[in-house]
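Each chain, letter by letter, is given below.
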Amino acid sequence: MTTLAIVLDLVLATRPKASTGIERYSINLFKALQEITPDVVAFVDSRSNVLCGTGVIPVRGGFIGWLFLPFSRRYRELEFDSLICPAFPPSPFVLNGKPSIYRIIHDDFPWTRSRKMNFRGRLLFKYLESALSPFYHSICAPTEPVARSLAAILKRDVALVGNAPGLDLVDAPPADRGASQVITVGTIEPRKNYDAVMAMAPHLPTSWSVAIVGRKGWGKIADDWERYIDEEGGRLEWHGHASDETLLSLYQKSSCFLSMSLAEGFNMPLVEAGCLGLPVVCSDIEIHRAVAPPWARFAPLSIAAEDLANAVIQSSAELPSQEAVAEYRQRFSWREIARTVALIASGRPQ
């Protein structure tokens, strides 16, 4: 048997067409950990092509593969100290196994707004998470507001590990802000508050378009999504599950980024947009106050649709300086996140 220090469960994080913030976080964390320690491997969905090569162990994927991972031959062949679960809770069967479990929880949403989630989301991220959390060796969160909230909910200490953009921004094409286009990114589900985006769109000038990137999720907004797109007659451009290259291109061709989320654990797309120098308009919630760039405009959730459209138009005319963008980007480092996680998993103080 091979002895390893750290193993990551990325089975669900690498399933096909899964590229939300927590999946991107998990993949980038693994890559950064590989750069600072050789003793790290990841279990991934065998159907995935987002991770391959040294340290990557393909296993049966999907929720069945995740659930029965502890019984797989590849899992049982390894001797390791720490199992890190940076995207989803671990299979409950790991409790009968050997490693210490380190869980990174990205949001308090499953407890504070669980009625906005579908049943599978509540089952995994609220009920199973709550049942397993007493058995975790350590719980971590990407931002201070989430860490503080989770500590109160779960009644235990929560370590802060940080977050960063999920895309490789070095690969971004040159910016072309000439198009009158607002971009919003996120799964089509109630928490993202796409109702506010839909209501705003008709108040933009006719030359403007709204680029929406994200897979269709759940809730009434998802059920009515095709009707929304049809009714706007081309003003709304839905790109669905876009590749990294497409998303980077859309960021660079847009003149403003918009997020009216009701709640977030970090809002990776907002930070990506800020790191690329996009003007930003976002809902005035605590996490946005913590992570948005200094040039962001904050909109109350009660803002009128016409006022939101005006905020987008005004923001698009005020590009941040290159110095401000460079300073903002320096706040986020996957290497530092990996270093913090590795120290926690090794039991050494930060």
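Remember, predicted model here, so these are calculated numbers, not experimental data.

Draft legend 1. A look at the overall build of the chain. A tally of helices and strands in the chain yields 15 helices and 13 strands. Taking all 350 residues of the chain together, 58% fall into the buried category. Within the structure as shown, the chain displays about 15,300 Å² of accessible surface, and the carbon and sulfur contribution to it stands at 51%. The averaged location of the 37 negative side-chain charges in the chain is 6 Å from the averaged location of its 36 positive side-chain charges.

Draft legend 2. Geometry of unusual backbone geometry. Even without glycine at this site, Lys155 takes up a positive phi of about 60°. Owing to a relative accessible area of 71%, Lys155 belongs among the exposed residues under this scheme. Phi at Asn267 is positive, roughly 70°, even though this residue is not glycine. Its place among the elements puts Asn267 in the loop between strand E11 (256-259) and helix H11 (268-275). By relative accessible area, Asn267 is classed as buried at 4%.

Draft legend 3. Just a nonpolar patch on the surface, in detail. Taken together, Ile64, Phe68, Phe71 and Phe93 make up a surface patch of nonpolar side chains, about 360 Å² in accessible area. Structurally, Ile64 can be placed in helix H2 (residues 62-67). Assessed through its relative accessible area of 42%, Ile64 is described here as partly exposed.

Draft legend 4. Looking closely at the sheet that holds strand E9 (residues 209-213). Pairing within the open sheet is parallel, and its six strands lie in the order E10-E9-E8-E11-E12-E13. Whereas interior strands pair on both sides, the edge strands pair on one side only; in this sheet they are strand E10 (236-240) and strand E13 (297-299). Within the sheet, the average angular offset between the axes of one strand and its neighbour, ignoring direction, is 20°. As paired elements, strand E8 (residues 181-185) and E9 share five bridges and run parallel to each other. Residue pairing for E9: Val185 is matched across the bridge by Val213.

Draft legend 5. How the structure looks around the packing of aromatic side chains. One pass over the full model with this rule turns up 15 aromatic pairs. Ring centres 5.2 Å apart and planes at 75° place the aromatic pair Tyr328 and Phe332 in the edge-to-face group. Just as Tyr328 is buried, Phe332 falls in that class too. Grouping aromatic residues by their ring pairs yields a cluster made of Tyr194, Trp225, Tyr228 and Trp238.

Draft legend 6. Expanded view of the nonpolar core. Leu8, Leu29, Phe43, Ile183, Tyr251 and Phe257 are the most contacted members of the largest nonpolar core, which totals 97 residues. Those residues in contact with Leu29 that lie beyond four places of it in its chain are Leu8, Pro86, Ile104, Trp334, Ile337, Ala338 and Val341. Listed in part, the 27 residues of the second largest apolar core include Tyr228, Val281, Ala311 and Val312.

Draft legend 7. How the structure looks around empty space enclosed by the protein. In the structure shown here, the tally under the stated rule is two cavities of 30 Å³ or more. Roughly 40 Å³ of volume is contained in the largest cavity. When contributions to the lining of the largest cavity are tallied by element, the ones reaching two or more residues are E8 and E11. When residues of the lining of the largest cavity are assigned to their parent elements, the largest contribution, three residues, is made by E11. Of the pockets and cavities examined, the second largest cavity occupies roughly 40 Å³. Lining the second largest cavity are Asp9, Leu10, Val11, Leu12, Ala13, Trp66, Ala87, Phe88 and Pro89. Classifying every residue of the lining of the second largest cavity by side-chain character gives eight nonpolar, no polar and one charged.

Draft legend 8. Seen up close, the packing of H11 against helix H14 (residues 322-329). One can describe the packing of H11 onto H14 by two numbers: an axis separation of 8 Å at closest approach and a directional angle of 140°. When the axes of H11 and H14 are compared, the pair comes out oblique. Here Leu270, Val271, Gly274 and Cys275 of H11 come into contact with H14, specifically with Val325, Tyr328 and Arg329. Tallied by class, residues from the contact of H11 with H14 come to five nonpolar, one polar and one charged.

Draft legend 9. The layout of surface pockets, seen in detail. Considering only enclosed or pocket space, the largest pocket measures out at about 1,000 Å³ in volume. Forming the walls of the largest pocket are 49 residues, and the residues nearest its centre are Thr20, Gly21, Ile22, Thr187 and Arg191. Elements with a minimum of two residues in the lining of the largest pocket: helix H1 (21-36), helix H4 (109-112), helix H5 (119-132) and H11. Across the lining of the largest pocket, the residue classes tally to 20 nonpolar, 15 polar and 14 charged. Reported here for the second largest pocket is a volume of approximately 530 Å³. When contributions to the lining of the second largest pocket are tallied by element, the ones reaching two or more residues are H1 and helix H10 (244-253).

Draft legend 10. Structural detail: the pattern of salt bridges. The tally for this structure, following the rule as stated, stands at 18 salt bridges. Taken together, the shared-partner salt bridges in this structure form one network comprising Lys220, Asp224, Arg227 and Glu231.

Analysis parameters
Residues numbered from 1 in each chain as written. Predicted model: local features only at pLDDT ≥ 70, side-chain atom pairs only at ≥ 80, totals over all residues. Heavy atoms only, no water. Helix = DSSP H or I, 4+ residues; strand = E, 2+ residues; numbered from the N terminus. Buried < 20%, exposed > 50% of the residue type's maximum accessible area, 1.4 Å probe, protein only. Areas by Shrake-Rupley, 256 points an atom, 1.4 Å probe, with all protein chains shown as cover. Lys, Arg positive; Asp, Glu negative; His and termini not counted. Charge placed at Lys NZ, Arg CZ, Asp CG, Glu CD. Patch = residues over 30% accessible without salt bridge, like charges linked within 9 Å, V, L, I, M, F, W, Y side chains within 5 Å. Salt bridge = Lys/Arg side-chain N within 4 Å of Asp/Glu carboxyl O. Pairing = 2+ DSSP bridges. Axes fitted to C-alpha atoms, helices over the stretch in contact; angles between N-to-C directions. Phe/Tyr/Trp six-rings, centres within 6.5 Å; stacked < 30°, edge-to-face > 60°. Core = buried A, V, L, I, M, F, W, Y, C linked by side-chain atoms within 4.5 Å. Contact = heavy atoms within 4.5 Å. 1 Å grid on protein atoms, 1.4 Å probe; cavity = no way out; pocket = protein on both sides within 12 Å on 5 of 7 lines; lining within 4 Å. Points joined across faces, edges and corners; volume = space filled by probe spheres on them. Nonpolar A, V, L, I, M, F, W, Y, C, P; charged D, E, K, R; others polar. Parallel < 35°, antiparallel > 145°, perpendicular 65-115°, else oblique.

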